[in-house]
Amino acid sequence: MKKRLPIGEFNIANLINDGFLYVDKTQFVYKLLTSSKYYFLSCLHRFGKSLFVSTLEQVFKGNKDLFKGLWIYESGYDWGFYPVVKIDFNQI
């Protein structure tokens, strides 16, 4: 089965549910969440920050079933619900 490229898609739930190609970066999410306190995410324009933040949002919301088949699903991560405040400066 060929998967479509997720051009212009920044929502992890849409990527997975609609059958887009997704490179599993959830191991990095797990390391980020379990290794330290503070991070500043900065990288060049169009390098996946919005998709990564969407992934973090779904993990914090405890949406474990969304990640079935991905690394973090079997990692032993504590899938509790944590409040998420998301500020999108693209809408301003």
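Residues numbered from 1 in each chain as written. Predicted model: local features only at pLDDT ≥ 70, side-chain atom pairs only at ≥ 80, totals over all residues. Heavy atoms only, no water.

Caption draft 1: Fine view of the side chain of Q58. Inspection of the secondary structure puts Q58 in helix α3 (residues 49-60). Look at Q58 and you get buried, because its relative accessible area is 12%. Those residues within four positions of Q58 in sequence are excluded, and the remaining contacts are I12, N63, L66 and F67. (Helix = DSSP H or I, 4+ residues; strand = E, 2+ residues; numbered from the N terminus. Buried < 20%, exposed > 50% of the residue type's maximum accessible area, 1.4 Å probe, protein only. Contact = heavy atoms within 4.5 Å.)

Caption draft 2: Region of interest: helix α2 (residues 26-35). Residues of α2 that are buried include every one of T26, V29 and L32, and no others. Relative to the axis of α2, the buried residues are bounded by an arc of 115° and lie together on one face. Of the exposed residues in α2, the ones pointing more than 90 degrees away from its buried face are F28 and S35. At its buried positions, α2 is contacted by α3. (Arc of directions from axis to C-beta.)

Caption draft 3: Inspection of the nonpolar core at higher detail. With 17 residues, the main nonpolar core has I12, Y22, V29, V59, F67, I72 and W79 as its most contacted residues. Breaking this core down by element, the ones donating at least two residues are α1 (12-17), α2 and α3. At 4 residues, α3 tops the list of elements feeding residues into this core. Once residues lying within four places of it in the same chain are set aside, the contact partners of I72 are T26, V29, Y30, V59, F67, Y77 and W79. (Core = buried A, V, L, I, M, F, W, Y, C linked by side-chain atoms within 4.5 Å.)

Caption draft 4: Quick look at the layout of surface pockets. In this structure, the largest pocket encloses a volume near 710 Å³. Taken together, 24 residues line the largest pocket, and the ones lying closest to its centre are K49, S50, V53, K86 and I87. If you list the elements that add at least two residues to the lining of the largest pocket, you get α2 and α3. The element best represented in the lining of the largest pocket is α3, accounting for 8 residues. (1 Å grid on protein atoms, 1.4 Å probe; cavity = no way out; pocket = protein on both sides within 12 Å on 5 of 7 lines; lining within 4 Å. Points joined across faces, edges and corners; volume = space filled by probe spheres on them.)

Caption draft 5: How the structure looks around α3. Relative to the 16 Å expected for 12 residues at 1.5 Å per residue, α3 spans 16 Å between its end C-alpha atoms, a close match to the ideal helical length. Of all the positions in α3, only L51, F52, S54, T55, L56, E57, Q58 and V59 are classed as buried. Buried residues along α3 sit against α1 and α2. Once α3 ends, the next one or two residues include G62, with phi positive near 75°. (Expected span 1.5 Å × (residues − 1).)

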